[in-house]
Amino acid sequence: MASVGILGGTFNPPHIGHLLCAQEAQDRLGLDRVVLMPVHTPPHKTAAGDPGPGERVALCRAAVAGDQRFSVSTREADRPGPSFTAATLRDIHEDAPHDELTFIVGGDMALSLPTWREPEEVLRLARLAVAERGGAVRDDILARLAPLGGRDRVTFFDLPRIDVSSTDVRRRVATGRPIRWLVPDGVAERIAEQGLYRTEVPQ
């Protein structure tokens, strides 16, 4: 049996904030590994300047290359259409029924869990690990999730504040500004080699 963390997202592109979240979850929660799982089509937002799920998977692989704590799954990227967490967790559980799953989210996503499809199923199939940053309040999150009956399935871990986002990275690429130290070197190299994000209109 393995203790597996799952960090889903658009990863458009992956940046150091994503890797820091994966590292802190793995360390603080004693996970055997953390899997980055890019979605095919985000269910709640459009992916601005999206190079496509295949390229986002490649960027994630470049981001975690050489680090045995992390891996990348194409489970959602290979499935057309929006991805829903409950369905994904069911699939993973069927393939590896003995693994203990931990789904890693930020505080804002934890607060929105009651609006997800089958939120009770999410908490049944996986522990919910909430990365706390400025503005996230544990009591508010626990109160929000209490009606789902999975309060004991929620855990928290501290996440240092790093003010970087995929939107910022795309904007910097589009305006010709450097992105080193904001993304892993392998990600910066692939963005340059493939000419990604150069035509996005800065916001």
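Residues numbered from 1 in each chain as written. Predicted model: local features only at pLDDT ≥ 70, side-chain atom pairs only at ≥ 80, totals over all residues. Heavy atoms only, no water.

Visitor: Run through the overall build of the protein, naming residues and quoting values.
Guide: Across its full length, the protein carries eight helices and six strands. Reading the helices (α) and strands (β) of the protein from amino to carboxyl end gives β-α-β-α-β-α-β-α-α-β-α-β-α-α. Here the C-alpha atoms of the protein give a radius of gyration of 17 Å, agreeing with the 17 Å that 2.2 N^0.38 yields for 203 residues. Once the C-alpha set of the protein is aligned to its principal axes, its extents read approximately 50 × 35 × 30 Å. Looking at the protein residue by residue over its 203 residues, the buried ones come to 48%. Carbon and sulfur atoms form 48% of the exposed surface of the protein, whose accessible area is close to 10,000 Å². Computing the positive centroid from 25 side-chain charges and the negative centroid from 28, the protein places the two 4 Å apart. (Helix = DSSP H or I, 4+ residues; strand = E, 2+ residues; numbered from the N terminus. Rg over C-alpha atoms; globule rule 2.2 N^0.38 Å. Buried < 20%, exposed > 50% of the residue type's maximum accessible area, 1.4 Å probe, protein only. Areas by Shrake-Rupley, 256 points an atom, 1.4 Å probe, with all protein chains shown as cover. Lys, Arg positive; Asp, Glu negative; His and termini not counted. Charge placed at Lys NZ, Arg CZ, Asp CG, Glu CD.)

Visitor: Provide a residue-level description of helix 3 (residues 85–95), including the pertinent values.
Guide: Along an α-helix, residues three or four apart share an orientation, since each turn contains 3.6 residues. Considered for burial, the residues of helix 3 that qualify are Thr 85, Ala 86, Thr 88, Leu 89 and Ile 92. Taken around the axis of helix 3, the buried residues stretch over an arc of 160°, which confines them to a single face. Of the exposed residues in helix 3, those oriented more than 90 degrees away from the buried face are Glu 94 and Asp 95. Where helix 3 is buried, its residues contact strand 1 (3–9), strand 2 (33–38), strand 4 (100–106) and helix 5 (119–125). (Arc of directions from axis to C-beta. Contact = heavy atoms within 4.5 Å.)

Visitor: Before we move on, can you summarise the pattern of salt bridges with the specific residues and values?
Guide: Scanning the model with the defined rule gives 15 salt bridges in all. A salt bridge links Arg 28 to Asp 158; the nearest nitrogen and oxygen atoms lie 4.0 Å apart. Taken together, the residues Arg 28 in helix 1 (residues 16–29) and Asp 158 in strand 6 (residues 154–158) connect sequence positions 130 residues apart. Asp 158 gets classed as partly exposed once you look at its relative accessible area, which sits at 41%. In this structure, Arg 171 engages Asp 168 in a salt bridge whose closest nitrogen and oxygen atoms are separated by 3.2 Å. Of this pair, Arg 171 and Asp 168 both sit in helix 7 (residues 166–174), three residues apart, roughly one helical turn. A residue is classified by how much of its surface remains accessible, and Asp 168, at 28% relative accessible area, is partly exposed. It is possible to trace a salt-bridge network through shared partners that takes in Glu 24, Asp 27, Arg 28, Glu 132, Arg 138 and Asp 158. (Salt bridge = Lys/Arg side-chain N within 4 Å of Asp/Glu carboxyl O.)

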